[in-house]
Amino acid sequence: MNTTSSQALADSLKSYSIDVQYWEPGAGDSHIFLGHREFLRAHIDSLTVAQRALLAEADRRVLEFAAARYEDEQDDDVLILRLCANVIEKSKAQHAA
């Protein structure tokens, strides 16, 4: 049984979406949105259709940002952004199967 409240999911999704919207390298806060994305991945089956659409839009931005970064960039926020992109890809693969 899933004991995660719908409010906790909504709050995490809102934070993730806003954090991604204003992401920039060097800010030092990318670990926060990575944590939200990992939480959302664990509870994706509890999201509504509208919430999944919002998550997909935020994920699209993360993947665009990650693709636009140079491979040799070693800023901690860029590295965390790449980790988040990996979480997104794993989540997509799990739900495609």
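If you're wondering where the values come from, they're calculated on a predicted model, not measured in any experiment.

As for the overall build of the protein chain
Part 1 of the argument: Across its full length, the protein chain carries 4 helices and 0 strands.
Part 2 of the argument: For the protein chain, the α and β elements follow one another from N to C terminus as α-α-α-α.
Part 3 of the argument: Over its C-alpha trace the protein chain gives a radius of gyration of 13 Å, about what one expects of a compact globule, namely 13 Å for 97 residues.
Part 4 of the argument: By principal-axis analysis of the C-alpha atoms, the protein chain measures approximately 45 × 30 × 20 Å.
Part 5 of the argument: By the burial criterion, 35% of the 97 residues in the protein chain qualify as buried.
Part 6 of the argument: At a minimum sequence separation of 6, the contacts of the protein chain that also span at least 24 residues come to 70%.
Part 7 of the argument: Accessible surface computed for the protein chain: about 5,900 Å², of which carbon and sulfur atoms make up 55%.
Part 8 of the argument: A distance of 7 Å separates the average location of the 10 positive side-chain charges in the protein chain from that of its 16 negative side-chain charges.

As for helix H2 (residues 30-42)
Structurally, the α-helix is built with 3.6 residues per turn, so residues lying three or four positions apart point the same way.
Part 1 of the argument: A rise of 1.5 Å per residue sets the reference length of H2, with its 13 residues, at 18 Å; its end C-alpha atoms lie 19 Å apart and thus fit the reference within 8%.
Part 2 of the argument: The complete set of buried residues in H2 reads Ser 30, Phe 33, Leu 34, His 36, Arg 37 and Leu 40. The buried residues of H2 all sit within an arc of 160° when viewed along its axis, so they share a single face.
Part 3 of the argument: Those residues of H2 that are buried lie in contact with helix H1 (6-21), helix H3 (49-68) and helix H4 (76-96).

A short note on the packing of H1 against H3
Part 1 of the argument: Following both chains from N to C, one finds H1 and H3 inclined at 30°, their axes separated by 10 Å at the closest point. On the basis of their axis angle, the class for H1 and H3 is roughly parallel. The crossing of H1 and H3 is left-handed. The residues of H3 that touch H1, namely those facing Ala 10, Leu 13, Tyr 16, Ser 17, Val 20 and Gln 21, are Gln 51, Leu 54, Leu 55, Ala 58, Asp 59, Arg 61, Val 62 and Phe 65.
Part 2 of the argument: Tallied by class, the residues present in the contact of H1 with H3 amount to 9 nonpolar, 3 polar and 2 charged.

Looking at the side chain of Ser 12
Part 1 of the argument: Examined against the element boundaries, Ser 12 turns out to sit in helix H1.
Part 2 of the argument: Ignoring anything within four residues of it in the chain, the contact list for Ser 12 reads His 36, Phe 39 and Leu 40.

Focus on the nonpolar core
Part 1 of the argument: By size, the foremost hydrophobic cluster in this structure holds 22 residues, and its most contacted members are Tyr 16, Phe 33, Leu 40, Leu 55, Val 62 and Cys 84.
Part 2 of the argument: Within the residue set of this core, elements represented by two or more residues are H1, H2, H3 and H4.
Part 3 of the argument: Setting aside residues up to four positions removed in sequence, Val 62 forms contacts with Tyr 16, Val 20, Phe 33, Leu 81, Cys 84, Ala 85 and Ile 88.

Reading guide: rules and limits
Residues numbered from 1 in each chain as written. Predicted model: local features only at pLDDT ≥ 70, side-chain atom pairs only at ≥ 80, totals over all residues. Heavy atoms only, no water. Helix = DSSP H or I, 4+ residues; strand = E, 2+ residues; numbered from the N terminus. Rg over C-alpha atoms; globule rule 2.2 N^0.38 Å. Buried < 20%, exposed > 50% of the residue type's maximum accessible area, 1.4 Å probe, protein only. Contact = heavy atoms within 4.5 Å. Areas by Shrake-Rupley, 256 points an atom, 1.4 Å probe, with all protein chains shown as cover. Lys, Arg positive; Asp, Glu negative; His and termini not counted. Charge placed at Lys NZ, Arg CZ, Asp CG, Glu CD. Expected span 1.5 Å × (residues − 1). Arc of directions from axis to C-beta. Axes fitted to C-alpha atoms, helices over the stretch in contact; angles between N-to-C directions. Parallel < 35°, antiparallel > 145°, perpendicular 65-115°, else oblique. Left-handed = near helix turned anticlockwise from the far one by under 90°. Nonpolar A, V, L, I, M, F, W, Y, C, P; charged D, E, K, R; others polar. Core = buried A, V, L, I, M, F, W, Y, C linked by side-chain atoms within 4.5 Å.

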